[in-house]
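# Architecture at a glance
Below are the chains, spelled out letter by letter.
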Amino acid sequence: MNKRIGSIYQQHFFLTAGMILLAFAMLGVSFMVLTYRYAIRENKDSMYNSATYISNIIGIFLDEGMELGDKQLTGNLAYVTSVPDVDVLICLPDGQVVYSYDGDQSGDELKNDTVSQSVLEETLGGDSGYQGMSDLGVYDSSKFAVGAPVVVRDQLSGFVFVTSSTENLTSLWRTFGVVFSVTAVVVLLFAFLSSFFTTRQQARPLREMTEVVNRFGMGEYDQRVQDYHRRDEIGQLATAFNTMADSIASAEGRRQEFVANISHELKTPMTTIAGFSDGILDGTIPPEKQKECLQVISDETRRLSRLVRRMLDMSQLSAKEQSDLCQSQFNGVETFAQVLISLERKITSRGLDVDVNFPDQDVMVWGDPDSITQVCYNLMDNAIKFATPGTAIGVSIVPKGNKAWFSVRNTGETIPPEELNMIFDRFHKSDRSRSLDKEGVGLGLYIVKTILNNHKETITVTSENGVTEFRFSLTLAE
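The following refers to the structure shown. Being a predicted model, the structure only gives us computed values, none of them experimental.

Let's shift gears to the packing of aromatic side chains. The geometry of an aromatic ring pair comes down to the distance between the two centres and the angle between the two planes. A full pass over the atoms with the stated rule returns five aromatic pairs. Ring geometry for phenylalanine 159 versus phenylalanine 161: centroids 6.3 Å apart, planes at 25°, classification stacked. In this structure, phenylalanine 159 and phenylalanine 161 share a single accessibility class: buried. An aromatic cluster is built from Phe336, Phe358, Phe406 and Phe472, whose rings are joined through pairwise contacts. Against the face of tyrosine 139 rests lysine 143, its NZ or CZ located 4.3 Å from the ring centre. The ring of tryptophan 405 carries arginine 471 above its face, with NZ or CZ at 4.3 Å from the centroid.

As structure tokens, this is what we get:
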């Protein structure tokens, strides 16, 4: 479980961190490109303005009769060329440097050096003079340089170059990089904390669910997941688990009840069979009573056989619950009539009459013919066993709407109201005091209910003033 929590946390955190890093990277690259271009353009315009300004001032001095190499001119240039963060270089038309200013002071260290001829040609040929990265042929390293020609009375008198170190631009990038890094760390730290607490809130109920599931798997069927009052998937999972747990616990309760009922139903006939058999074998039962005892053994054996058959029927019904019933159209009147014919001897032996109320025409219904035949047989057999001798059993089929309603009615003892809700339970007998005298084992009505549930149909029972009536529905085929 801990590994799983770590996995959830890592997935959540890395996904969040990756999205934030990607967003920051895209914004950072875009901003750096835009700021770089803007800084280059602003720096270039500023340097070009400085170069043209110095060029114009020099042109004025030269127009007054001074020359580029005069000390008087260079002395005046010390004030003109004091432009922050840039260096100034002045050279003759042939490229020979006559003046340089490094931002702090003027110097002669570049005198007698010559500016590259290609730079001079490009300065004269360009609409905006020279602009680009170059060492101009006089510096040890490349600088960003902007050049402008000095023209006096339409005559080329020299060149002015304003240069700037790339350090100014890289310092801007370094500053931005520091701000970006600090911001990214703060945001990632916030993402880490929020992801940690969010994931822990998600993992805590999952961990508790795992503990409950493990205990539930050990047979503690009363265990339930806490209601977290959440509407997300975790809340839905908790609700689904509790629903499943209720269903399993109910099924386990029915299984235990089923085992207990089976044990009870098997114990009585087996005890009877063993007692009479031992009595015959050891001579306890006299010979004149052995035939009677053997008849009891035979009856109990048949009773066990009926119980086994019912159990097989229940097994088949359980298998049908897992698959669709093979439903088809069949005549409900004909099916019920065949059941009455098969039970005619049993009805006669009990001294009963049958009051039949069937429609004149066929009643075509949907269902599994064999299963519905079993439903009719079980209901009729149950009515015959509990009917008072000399009374009549009422049988009817009434089409109504899109349903056909089948009814079986008998007259006998009234079923208590508190037992009506349990009459379709497995092994339930409404007449427990006479259960040993009856042929049933308490599974007939349970099978009826299960078959009709599989057909998605309903069955009801009423019992008043000695009249008990079972009524179920089937869907009309027409």
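More follows now that the structure is in view.
Note: α-helices contain 3.6 residues per turn, so residues at a spacing of three or four share the same orientation. Residues Val119, Leu120 and Thr123 constitute the buried set of helix 3 (residues 117-125). The arc enclosing the buried residues of helix 3, seen along the axis, measures out at 100°, which places them on a common side. Of the residues in helix 3, the exposed ones pointing more than 90 degrees away from the buried face are Glu121 and Gly125.

With 18 residues, helix 9 (residues 369-386) extends 26 Å between its outermost C-alpha atoms, agreeing within 8% with the 26 Å of an ideal straight helix rising 1.5 Å per residue. All of the buried residues in helix 9 are Ser371, Ile372, Val375, Cys376, Asn378, Leu379, Met380, Asp381, Asn382, Ala383, Ile384 and Lys385.

Turning our eyes to something else, we now look at the nonpolar core. Ranked by size, the top nonpolar core spans 40 residues in total, and within it Phe336, Leu379, Met380, Ile393, Ile459, Phe470 and Phe472 carry the most contacts. Those elements that provide at least two residues to this core are helix 7 (332-342), helix 9, strand 10 (392-400), strand 11 (403-411), helix 11 (444-454), strand 12 (459-464) and strand 13 (467-475). The leading source of residues in this core is helix 9, at seven residues. Sequence-distant contacts of isoleucine 393, defined by excluding residues within four places in its chain, comprise Leu352, Asp353, Val354, Asp355, Met380, Ala383, Ile384, Val408, Arg409 and Asn410. Among the nonpolar cores identified, the runner-up in size contains 16 residues, and Ile57, Ile58, Leu73 and Val152 belong to it.

Right, let's talk about the pairing of strand 4 (residues 130-134) for a bit. For a regular strand, side-chain orientation follows a simple rule: the groups alternate between the two sheet faces. Taking every second residue as pointing to the same face, the buried face of strand 4 carries Tyr130, Gly132 and Ser134, while none of Gln131 and Met133 on the other face is buried. In this structure, strand 4 lies alongside strand 5 (residues 143-152), joined through five bridges in antiparallel fashion. Note on strand 5: the bridge partner recorded for serine 134 is lysine 143.

This part takes up the packing of helix 9 against helix 11. For the pair helix 9 and helix 11, the least separation of the axes is 9 Å and the interaxial angle reads 150°. Considering how the two elements wind past one another, helix 9 and helix 11 form a crossing that is left-handed. In this structure, helix 9 contributes Ser371, Ile372, Gln374, Val375, Asn378, Leu379 and Asn382 to the contact, and helix 11 contributes Gly444, Leu445, Ile447, Val448, Ile451 and Leu452.

Moving on, we come to the environment of aspartate 63. The residue aspartate 63 is located in helix 1 (residues 2-63) in this model. Given a relative accessible area of 40%, aspartate 63 falls into the partly exposed group. Taking the C-alpha atoms as reference points, aspartate 63 and valine 151, 88 residues apart in sequence, are found 9.8 Å from one another. Setting aside anything within four residues of it in sequence, one finds aspartate 63 in contact with Val152 and Arg153.

Glancing now at the environment of alanine 145. As for its position among the elements, alanine 145 is in strand 5. The exposure class assigned to alanine 145 is buried, which follows from its relative accessible area of 0%. Along the backbone, alanine 145 and alanine 51 are 94 residues apart, and their C-alpha atoms lie at a distance of 9.9 Å. Setting aside anything within four residues of it in sequence, one finds alanine 145 in contact with Met47, Tyr130, Gln131, Gly132, Leu136, Val162 and Thr163.

A word on the side chain of serine 134. Along the chain, the position of serine 134 falls in strand 4. Reaching out from serine 134, the side chain makes a polar contact with the backbone nitrogen of leucine 136 at a distance of 3.0 Å. Ignoring anything within four residues of it in the chain, the contact list for serine 134 reads Val119, Ser141, Ser142 and Lys143.

Positive phi values are uncommon outside glycine, yet aspartate 154 reaches one of about 60°. With respect to the helices, strands and loops of the structure, aspartate 154 is situated in the loop between strand 5 and strand 6 (155-164). In this model, asparagine 465 sits at a positive phi of 55°, which is unusual for a non-glycine residue. When you line up the elements, asparagine 465 lands in the loop between strand 12 and strand 13. Residue asparagine 465 is classed as exposed on the basis of its relative accessible area of 78%.

Another aspect to go through is the sheet that holds strand 11. What holds strands together in a sheet is hydrogen bonding between their backbones, with the strands either parallel or antiparallel. The strand order across the open sheet built from five strands is 8-10-11-13-12, with neighbouring strands paired in mixed fashion. Two strands close off the open sheet at either side, each with one partner strand: strand 8 (353-357) and strand 12. Mean inter-strand twist for the sheet, computed between neighbouring axes without regard to direction, equals 15°. Inspection of the sheet shows strand 12 paired to strand 13 by six bridges, in the antiparallel sense. What sits directly across from serine 463, in strand 13, is threonine 468. Packing of helix 7 onto the sheet brings it into contact with strand 8, strand 10 and strand 11, and relative to strand 10 it is tilted by some 170°.

A separate point is the pattern of salt bridges. In this structure the tally under the stated criterion is five salt bridges. Lysine 143 is paired through a salt bridge with aspartate 87; the nearest N and O atoms lie 2.9 Å apart. Taken together, the positions of lysine 143 in strand 5 and aspartate 87 in strand 1 (residues 87-91) put the pair 56 residues apart, joining distant regions of the chain. One salt bridge in this structure joins lysine 385 and aspartate 381, with 3.9 Å as the shortest N-O distance. Of this pair, lysine 385 and aspartate 381 both sit in helix 9, four residues apart, which is roughly one turn of the helix. Assigned by exposure class, lysine 385 and aspartate 381 land together as buried. Counted as one network, the salt bridges with shared partners bring together Lys346, Asp381 and Lys385.

Basis of the calculations
Numbering of residues starts from 1 in every chain and runs along the sequence as written. With the structure being a predicted model, the display of local features is reserved for residues of pLDDT at least 70 and the display and counting of side-chain atom pairs for 80 or more, all residues being used for whole-chain, interface and lining totals. The basis for the side-chain values is all heavy atoms of the structure; hydrogens and waters are excluded. Ring geometry is summarised as follows: Phe, Tyr and Trp rings, the Trp one being its six-membered ring, pair when their centres sit within 6.5 Å, and such pairs are stacked at plane angles under 30 degrees, edge-to-face over 60 and tilted between the two. For every residue, the accessible area (1.4 Å probe, protein chains only) is compared with the maximum for its type, and the residue is labelled buried under 20%, exposed over 50%, or partly exposed between those bounds. Whether a charge sits over a ring depends on NZ of Lys or CZ of Arg being within 6 Å of the ring centre and within 35 degrees of the ring normal. Here a strand is any run of E in DSSP of at least two residues, a helix any run of H or I of at least four, and the numbering for each starts at the N terminus. Working note: the arc is built from the helix axis to C-beta atom directions. To estimate the expected span of a helix, count its residues, drop one, and scale the result by 1.5 Å. The criterion is simple. A nonpolar core is a set of buried Ala, Val, Leu, Ile, Met, Phe, Trp, Tyr and Cys residues joined through side-chain atoms within 4.5 Å. In this analysis, two residues are considered to be in contact whenever any of their non-hydrogen atoms come within 4.5 Å of each other. We treat two strands as partners when DSSP finds at least two bridges between them. The axes used here are C-alpha line fits, helices contributing only the stretch in contact, and every angle between their N-to-C directions lies in the interval 0 to 180 degrees. Handedness of a crossing follows from how the near helix is turned relative to the far one, being left-handed for an anticlockwise turn of less than a right angle and right-handed for a clockwise one. Between N or O atoms, a polar contact is any pair within 3.5 Å; within protein, one atom must be a potential hydrogen donor and the other a potential acceptor, and residues adjacent in sequence are included only when both atoms are from side chains. Any Lys or Arg side-chain nitrogen found within 4 Å of a carboxyl oxygen on Asp or Glu counts as a salt bridge.

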